[in-house]
Amino acid sequence: MKTYPKKRIEIIIEAPLSRRMMEQLDRAGVTGYSIIPLIGGKGLSGSWSSEGQIGRASGMVAIICITDAALADALLEQIFHIVHRQMGVVSISDVAVIRPEHF
Amino acid sequence: MKTYPKKRIEIIIEAPLSRRMMEQLDRAGVTGYSIIPLIGGKGLSGSWSSEGQIGRASGMVAIICITDAALADALLEQIFHIVHRQMGVVSISDVAVIRPEHF
Amino acid sequence: MKTYPKKRIEIIIEAPLSRRMMEQLDRAGVTGYSIIPLIGGKGLSGSWSSEGQIGRASGMVAIICITDAALADALLEQIFHIVHRQMGVVSISDVAVIRPEHF
């Protein structure tokens, strides 16, 4: 089946920042994204868990979006602007999709 | 450590469709998959959230499976048949695994 | 925006094993990881669901970490040591990140 190359961006951030991130994705022209809950993890600021917080972190989420390579680069700059003073991990990878008109 | 190339398929669909999708994956010979809950997101049909639905969507899930490249192509056709008139995002990417006999 | 190549490791295991896995990731020098809840799935041991267990499995989780390629290979050996007699799927893929000093 014919597929089309796109970029998948995975953003792990504190839940309270997720609204700001989604608004930024909207403004940048991203057509869709999904929010995955996390139940725990570890980062440079230490470990955290959604049951019985360890350390100062509140919950975190992963936001996933798939976008055109042409848009991805500008998007990374904007995402970085939001996360650079916060906890958070941003990664980008190659994927293929079957409905290119959706992105 | 020796690894083996496989395909990772990520299917984001409305939760009520997930049973039909799993049955299709079973019939196609997929040996395993995982279902991840989503707590919100945005697609061509608008934004949605698992708390206080926005718009008409009910909850959505991500189904992830890892499969042989040989099986992946036929699988994409079958998955597309289920999602093509629905909300949903299907993406495929390259991964490597350490236990090839599991797929 | 400048990005740096890394490896993304996705480990799907039974929830009770997750603590042992996280301790192993810590010892190996992984700087961060995230834990995603799963609500159901299927593996070589059969199907399972977080509501009304099917079969003998308790809940499962996905642990995601991003690491240097140099570390990834040794890590796979250690992860394999934990999962090889258990249910579980380990896959590794290429990603790019924007903050290399975080990994």
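Counting restarts for each chain: residues are numbered from 1 in the order of the written sequence. A letter from A marks each chain and a number from 1 marks each ligand, given out in the order of writing. In keeping with the model being predicted, local features are shown solely for residues with a pLDDT of at least 70 and side-chain atom pairs are shown and tallied solely at 80 or more, while totals for entire chains, interfaces and linings include all residues. Note that the side-chain values use all heavy atoms of the structure and ignore hydrogens as well as water.

J.: Help me understand the interface of chain A and chain B in this model?
T.: Note on interface size: it is often stated as the accessible area lost on association of the parts. Across the boundary between the two partners, chain A contributes 23 residues, which contact 27 residues of chain B. Carbon and sulfur atoms supply 61% of the area buried between chain A and chain B, which totals about 2,000 Å² over both sides. For the chain A face of the interface with chain B, the top three residues by lost area are M1, I98 and R99 of chain A, together amounting to 33%. Salt bridges are counted wherever a side-chain nitrogen of Lys or Arg sits within 4 Å of a carboxyl oxygen of Asp or Glu. Where chain A touches chain B, the interface holds two salt bridges. Where D26 of chain A meets K42 of chain B, a salt bridge forms, and the shortest distance between an N and an O atom there is 2.9 Å. As used in this structure description, the phrase polar contact means that two N or O atoms lie within 3.5 Å; if the pair is within protein, one of them must be able to donate a hydrogen and the other to accept it, and residues adjacent in sequence are counted only when both atoms belong to side chains. In this assembly, chain A and chain B are joined by eight residue pairs in polar contact (both at pLDDT 80 or more). A run of DSSP states H or I qualifies as a helix once it reaches four residues; a run of E qualifies as a strand once it reaches two. Both are numbered from the N-terminal end. Broken down by secondary-structure element, the contributors of at least two residues to the side of chain A that touches chain B are strand 2 (33-37), strand 5 (60-67) and strand 6 (89-97) of chain A. Note on definitions: a residue-residue contact is assigned when non-hydrogen atoms from the two residues lie within 4.5 Å. For any pair of parts, buried area is found by adding up, for both, the accessible area (1.4 Å probe) each one loses once the two are put together.

J.: Honestly, the pattern of salt bridges in this entry has me stumped. Any pointers?
T.: Where charged atoms from two side chains of opposite charge come close, those side chains can pair. In the structure shown here, the tally under the stated rule is 15 salt bridges over all chains. D68 of chain C is the salt-bridge partner of K6 of chain C, the closest N and O atoms lying 2.4 Å from each other. With K6 of chain C in strand 1 (residues 4-14) and D68 of chain C in the loop between strand 5 (60-67) and helix 2 (69-83), this pair connects stretches of sequence that are 62 residues apart. Its salt-bridge partner being R8 of chain C, residue E10 of chain C comes within 2.9 Å of it at the nearest N-O pair. Type-normalised accessible area, obtained with a 1.4 Å probe on protein chains alone, sets the label of each residue: buried when under 20%, exposed when over 50%, and partly exposed for intermediate values. You can call R8 of chain C buried: its relative accessible area is 6%. Put simply, R8 and E10 of chain A, R8 and E10 of chain B together with R8 and E10 of chain C are held in one network by salt bridges that share partners.

J.: I keep staring at the interface of chain C and chain A and nothing clicks. Help me out?
T.: If you look at the interface, chain C gives 23 residues, while chain A gives 26 residues. Roughly 2,000 Å² of surface becomes buried between chain C and chain A when both sides are summed, with 61% attributable to carbon and sulfur atoms. When residues of chain C are sorted by the area they lose upon contact with chain A, M1, I98 and R99 of chain C head the list and together hold 33% of the total. Seen at the junction of chain C and chain A, the total is two salt bridges. For the side of chain C that touches chain A, the secondary structure elements donating two or more residues are strand 2 (33-37), strand 5 and strand 6 (89-97) of chain C. In terms of residue count, the dominant contributor to the side of chain C that touches chain A is strand 2 of chain C (five residues). Here the rule is simple: two strands pair whenever DSSP picks up at least two bridges between them. Where strand 3 (residues 40-43) of chain A lies against strand 2 of chain C, three bridges are found, and the strand directions are antiparallel. Bridge assignment links G41 of chain A to a residue of strand 2 of chain C, and that residue is S34 of chain C.

J.: How do you make sense of the relation of the copies chain A and chain B when you look at a structure like this?
T.: Copies of the same chain, two in number, are related to each other by a rotation about an axis and a translation along it. Relative to chain B, chain A is turned by 120° and slid 0.0 Å along the rotation axis, the superposed coordinates differing by an RMSD of 0.0 Å. Here the copies are linked by what is in effect a three-fold axis. The fraction of interface residues of chain A whose copies in chain B are also interface residues is only 13%, indicating that the copies meet through different surfaces. We place the copies in one frame by least squares, fitting the C-alpha atoms of every residue whose pLDDT is at least 70 in both.

J.: Explain the packing of aromatic side chains here, please?
T.: Aromatic rings considered in pairs are described by the distance between their centres and by the relative angle of their planes. Each aromatic pair joins two rings of Phe, Tyr and Trp (for Trp, the six-membered one) with centres within 6.5 Å, and gets the label stacked for planes under 30 degrees apart, edge-to-face for over 60, and tilted for any other angle. For the structure on display, the rule yields zero aromatic pairs over all chains. The rule is short: NZ of Lys or CZ of Arg within 6 Å of the ring centre and within 35 degrees of the ring normal puts a charge over the ring. Here K2 of chain A stacks its cationic end above the ring of Y4 of chain A, 4.7 Å away from the centre of that ring.

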